[in-house]
Amino acid sequence: MAENRVVIKINYDKDKHRKELIDPKMVTVWHTKRILVAAVILLLLIILIFSWFSVGETSRQNQSVPEVSPNLAEALPQSVAADRSAIKPLPGGQDTQATQGSRPPAIILDKRVVRASINSVIKNNEPGEPIKSPVTIEPNQTLELFYFSEIKNMKDKVLFHHWFKNGQAVYKKQLDIKANKSKLISSRKLTAKDSGDWQVVLIDKKGKLFSEVNFSVNP
């Protein structure tokens, strides 16, 4: 009787290959080019955003209108009107005469001011010819000068005429505006003792400067 034999064969290599198929290895692949392109795009976006904010801030600063605080009213001639040679007066200002170096005698800084001038004669609320600077005053002589300014579209506002001599405030007149179009007049009597550089300005309660006139007095 022939013997029954059972033969068991174990293929270790196949079992190892099967295990590798069952448990695959994790492989990480870095896409360097894609990462580099994304970084460049992000950097460009940051630069564009920064440039946009810088341009906007510069534009806002250029559009801002400087105003003078009421606490600095006495320093107005030095801080605001120290040098007006680069300012072009608006139509209505008397800018044809040469006074105090390159400073025009009348400067209008707001479109609501129609006219501004310094005069020696006012008749029927209308000014005569603007004075020519420098003004010469003889001893024992008195000369009354008038600051004339015509405004529009400022009804119910409170404005002021400020007179300055050599940068020091010497006279202030309050002007209550009751009509859409008004003529404002203030005056000052001067003598030979009042020689120096003079300036008269039109401002509001907050110190906003609307117009100014400049002249000098010689004894």
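Refer to the structure presented above.
Residues numbered from 1 in each chain as written. Predicted model: local features only at pLDDT ≥ 70, side-chain atom pairs only at ≥ 80, totals over all residues. Heavy atoms only, no water.

## A word on the overall build of the protein
A count of helical and extended segments in the protein gives three helices and 11 strands. Seen in sequence order, the protein has helices and strands lined up from the N terminus as α-α-α-β-β-β-β-β-β-β-β-β-β-β. By the burial criterion, 32% of the 219 residues in the protein qualify as buried. Excluding contacts between residues fewer than 6 apart, the proportion of contacts in the protein whose partners are at least 24 apart in sequence is 63%. Accessible area for the protein stands at about 15500 Å²; split by element, carbon and sulfur atoms hold 56% of it. (Helix = DSSP H or I, 4+ residues; strand = E, 2+ residues; numbered from the N terminus. Buried < 20%, exposed > 50% of the residue type's maximum accessible area, 1.4 Å probe, protein only. Contact = heavy atoms within 4.5 Å. Areas by Shrake-Rupley, 256 points an atom, 1.4 Å probe, with all protein chains shown as cover.)

## A look at the pattern of salt bridges
Taken as a whole, this structure holds six salt bridges when the rule is applied. In this structure, R115 engages E150 in a salt bridge whose closest nitrogen and oxygen atoms are separated by 2.6 Å. Taken as a pair, R115 in strand 2 (residues 113–119) and E150 in strand 6 (residues 143–152) lie far apart in primary sequence, 35 residues in all. With relative accessibility at 25%, the residue R115 sits in the partly exposed group. (Salt bridge = Lys/Arg side-chain N within 4 Å of Asp/Glu carboxyl O.)

## Some remarks on the nonpolar core
Membership of the largest hydrophobic core comes to 25 residues, with the highest contact counts inside it found for I118, Y147, I151, L159, W163, L202 and F215. Of all the secondary-structure elements, those providing two or more residues to this core are strand 1 (106–108), strand 2, strand 6, strand 7 (158–165), strand 9 (181–190), strand 10 (196–204) and strand 11 (209–218). Broken down by element, this core gets its largest block of residues, four residues, from strand 11. (Core = buried A, V, L, I, M, F, W, Y, C linked by side-chain atoms within 4.5 Å.)

## Some remarks on the packing of aromatic side chains
Per the counting criterion, the structure on display carries two aromatic pairs. Judged by centre distance (6.4 Å) and plane angle (75°), the ring pair of W163 and W198 falls under edge-to-face. Residue W163 is found in strand 7, and its partner W198 is found in strand 10; the two are separated by 35 residues along the sequence. With respect to burial, W163 and W198 carry one shared label: buried. Seen from their ring centres, W198 and F215 are 6.1 Å apart, and the 10° between their planes marks the pair as stacked. On the criterion of sequence distance, the pair formed by W198 in strand 10 and F215 in strand 11 is long-range, its members being 17 residues apart. For the pair shown, W198 and F215 are each scored as buried. (Phe/Tyr/Trp six-rings, centres within 6.5 Å; stacked < 30°, edge-to-face > 60°.)

## Re the sheet that holds strand 6
Read from one edge of the open sheet, three strands run 2-6-9, paired in antiparallel fashion. What marks the edges here is a single partner per strand, and that holds for strand 2 and strand 9. Across the sheet, the mean angle from the axis of one strand to that of its neighbour is 10°, orientation sign disregarded. (Pairing = 2+ DSSP bridges. Axes fitted to C-alpha atoms, helices over the stretch in contact; angles between N-to-C directions.)

## Section: the environment of D194
Within the fold, D194 resides in the loop between strand 9 and strand 10. Considering only alpha carbons, one finds D194 and I137, 57 residues apart in sequence, at a separation of 8.9 Å. Setting aside its immediate chain neighbours within four residues, D194 contacts K165, K189 and V217.

## With respect to the environment of S117
For S117, the location among the structural elements is in strand 2. The class for S117 is buried, based on a relative accessible area of 6%. Here the side chain of S117 touches N119 through a polar contact of 2.9 Å, side chain to side chain. (Polar contact = N/O pair within 3.5 Å; in protein donor to acceptor, adjacent residues only side chain to side chain.)

## Observations concerning unusual backbone geometry
Residues S133 and P134 are joined by a peptide bond in cis, for which omega reads 5°. As for its placement among the helices and strands, P134 is situated in the loop between strand 4 (126–127) and strand 5 (135–136). The backbone phi angle of N140 is positive, close to 65°, even though this residue is not glycine. Within the element layout of this structure, N140 appears in the loop between strand 5 and strand 6.

## Observations concerning the pairing of strand 6
Burial of strand 6 is extensive: seven of the 10 residues sit out of reach of the surface. Judged from the six bridges that link them, strand 2 and strand 6 form a sheet pairing that is antiparallel. Of the residues in strand 6, the one forming a bridge with S117 is F148. Pairing analysis gives 10 bridges linking strand 6 to strand 9, with the strands arranged antiparallel. Across the sheet, residue F146 finds its bridge partner in strand 9, namely S187.

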